[in-house]
Amino acid sequence: MSGFWQEALQNLQDKLDERLDGAGLITTVKEKTASAIVAARDTVAEEIEAFKAEQRAFVERLDEEEAEAAAAAPYAGRRGVLPWAGAADEAALEEDVRALSRDERTFCLPPPRVAHYAFDLDEARDVVAALLEIDPELSRARKRLAPRLSEGDFWRNYFFACAELRAARGVDA
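These remarks concern the structure in this document. (Residues numbered from 1 in each chain as written. Predicted model: local features only at pLDDT ≥ 70, side-chain atom pairs only at ≥ 80, totals over all residues. Heavy atoms only, no water.)

Here we take up the overall build of the protein chain. Along the backbone of the protein chain there are seven helices and zero strands. A burial count over the protein chain gives 27% of its 173 residues as buried. Pairs at least 24 apart in sequence give 74% of the contacts found in the protein chain among residues at least 6 apart. Accessible surface, the protein chain as shown: approximately 11,400 Å² in total, 53% of it carbon and sulfur. (Helix = DSSP H or I, 4+ residues; strand = E, 2+ residues; numbered from the N terminus. Buried < 20%, exposed > 50% of the residue type's maximum accessible area, 1.4 Å probe, protein only. Contact = heavy atoms within 4.5 Å. Areas by Shrake-Rupley, 256 points an atom, 1.4 Å probe, with all protein chains shown as cover.)

Right, here's the structure in full:
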C-alpha cells in the first residue's frame, strides 16, 4: 500500500480502537474499512493505467497524423531536403530550380492565397545555407533584393516556386 493509504488506514484504526468497545466489533469494522480502502486504491490504480494507455494511443495517433500531414504538405525546405531531391530526374529538376534564381519574379510573387502555403524559415535554414553555397545566382538575387523583401518573404516565395516545380514533376505526389 502507498504511504497515503497506509497512513489513512492506520489513523482510522487508531480512532476506532479508542472509541469502540469490544474486540470483535473493532476487528470487523477495521477489516471492512481496510478492504474498502484497498478496493478504492485498486480502482484508482486501474483508472490511472487505463488513462495512461489512452494517452499513449492518443499521442501515437497525433504522431501519425503529423507525419501524414508533413508527407502531404507541399515542399517547403524542411528536414534538409534540397528542392530537387527525390525527383526521378534530379539533374533536370536541379537545372529548373537553378533557373528560378535567375528570374526576379520567383522572389517577388507571393503564393496565391488559395494555396495556403505554410513556410517556416527556421525549419528551412539548413537547406537555405546549402542552396546559397550551391547556387551563386541565388546568393546574388538575395543580396540584390534584400532591401525590397524581408528574408521570410524572399525564401517563402522561392520555396513556393520550388514546390510548384516539384508538383509539376510529380515528386511530392
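So, on to the pattern of salt bridges. Enumeration over the complete set of coordinates arrives at eleven salt bridges. As a salt-bridge pair, Arg 169 and Asp 96 come within 2.3 Å of each other at their nearest N and O atoms. Residue Arg 169 is found in the segment after helix H7 (151-168), and its partner Asp 96 is found in helix H3 (residues 90-100); the two are separated by 73 residues along the sequence. Relative accessible area serves as the criterion here: at 38%, Arg 169 is assigned to the partly exposed category. With relative accessibility at 28%, the residue Asp 96 sits in the partly exposed group. One salt bridge in this structure joins Arg 144 and Glu 104, with 3.7 Å as the shortest N-O distance. With Arg 144 in helix H6 (residues 136-145) and Glu 104 in the loop between H3 and helix H4 (105-108), this pair connects stretches of sequence that are 40 residues apart. Here Arg 144 falls in the partly exposed class, since its relative accessible area comes to 44%. (Salt bridge = Lys/Arg side-chain N within 4 Å of Asp/Glu carboxyl O.)

What follows covers unusual backbone geometry. At His 116, a residue that is not glycine, the phi angle is positive and equals roughly 50°. As for its placement among the helices and strands, His 116 is situated in the loop between H4 and helix H5 (121-134).

A separate point is H3. Listing the buried residues of H3 in full gives Leu 93, Val 97 and Leu 100. One face of H3 carries all of its buried residues, which in axial projection span an arc of 40°. Away from its buried face by more than 90 degrees, H3 exposes Ala 91 and Glu 95. Packing partners of the buried residues in H3 comprise H4 and H7. (Arc of directions from axis to C-beta.)

A few words now on the side chain of Asn 157. Looking at where Asn 157 falls in the secondary structure, it is placed in helix H7. Classification of Asn 157 by relative accessible area gives buried; the value is 2%. Engagement of the side chain of Asn 157 in a polar contact is seen with the backbone oxygen of Phe 107, the distance being 2.6 Å. Among all residues touching Asn 157, those that are not within four sequence positions of it are Thr 106, Phe 107, Cys 108, Leu 109, Pro 110 and Pro 111. (Polar contact = N/O pair within 3.5 Å; in protein donor to acceptor, adjacent residues only side chain to side chain.)

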